[in-house]
Amino acid sequence: MVVAPAGALDAHVLRGLVAEQGLSAIFITTALFNLIAEEDARAFSGLREVLTGGEAASPAAMRRVLEACPGLALGHVYGPTETTTFVTHWPVRCRRCRRSFDDTHAYVLDGRLGLVPSGVVGEL
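Summary of the structure given here. Because the structure is a prediction, the values reported are computed rather than measured.

Here is what the cut-offs are and how they apply
Residues numbered from 1 in each chain as written. Predicted model: local features only at pLDDT ≥ 70, side-chain atom pairs only at ≥ 80, totals over all residues. Heavy atoms only, no water. Salt bridge = Lys/Arg side-chain N within 4 Å of Asp/Glu carboxyl O. Helix = DSSP H or I, 4+ residues; strand = E, 2+ residues; numbered from the N terminus. Buried < 20%, exposed > 50% of the residue type's maximum accessible area, 1.4 Å probe, protein only. Phe/Tyr/Trp six-rings, centres within 6.5 Å; stacked < 30°, edge-to-face > 60°.

### Regarding the pattern of salt bridges
And step 1. Tallied over the full model, the rule gives two salt bridges.
And step 2. For the salt bridge of aspartate 40 with arginine 15, the shortest nitrogen-to-oxygen distance reads 3.0 Å. Pair noted here: aspartate 40 is in helix 2 (residues 30-40) and arginine 15 is in helix 1 (residues 11-21), with a separation of 25 residues, a long-range link.
And step 3. Among the residues examined, aspartate 40 registers a relative accessible area of 26% and is labelled partly exposed.
And step 4. In this structure arginine 15 comes out as partly exposed when scored by relative accessible area, which is 37%.
And step 5. The closest approach of N and O atoms between arginine 64 and glutamate 38, which form a salt bridge, is 3.4 Å. Taken together, the residues span a long stretch of sequence, with arginine 64 in helix 3 (residues 59-68) and glutamate 38 in helix 2 at a distance of 26 residues.
And step 6. Arginine 64 sits in the partly exposed class, given a relative accessible area of 31%.
And step 7. Relative accessible area serves as the criterion here: at 56%, glutamate 38 is assigned to the exposed category.

If you want it as structure tokens, here you go:
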């Protein structure tokens, strides 16, 4: 595991981390993903997988990265702050990207996997 160095993380720094640390996969916030995709989408070259999440994904940014990095596994993920893993994962495979979680539903369930009413504690 590699933690990004203190300071601004841009396309140049990301390229250096991938080359120097031998990174194969990263998780990056959606806002930073969008900025790097705009600055230099090829900065994700050399990675096998990029997961991004935390807010709505930019279809244009995802399309730009997929076009610049053929073969890259790109995924948009979601998980509430209370979890330590992702609850949903949308693999972005096409160049005609739409919003990742359109028409997707997540349900809160009780201990017997039954739906709970709005406002009731359960598991996502």
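There's more to say after this.
### Looking at the packing of aromatic side chains
And step 1. Evaluated as defined, the whole model comprises one aromatic pair.
And step 2. Measuring from centroid to centroid gives 5.2 Å for phenylalanine 33 and phenylalanine 44, while their planes differ by 40 degrees, and the two rings are tilted. Here phenylalanine 33 is found in helix 2, whereas its partner phenylalanine 44 is found in the loop between helix 2 and strand 2 (49-53), with eleven residues between them in sequence. Grouping residues by exposure puts phenylalanine 33 and phenylalanine 44 together as buried.

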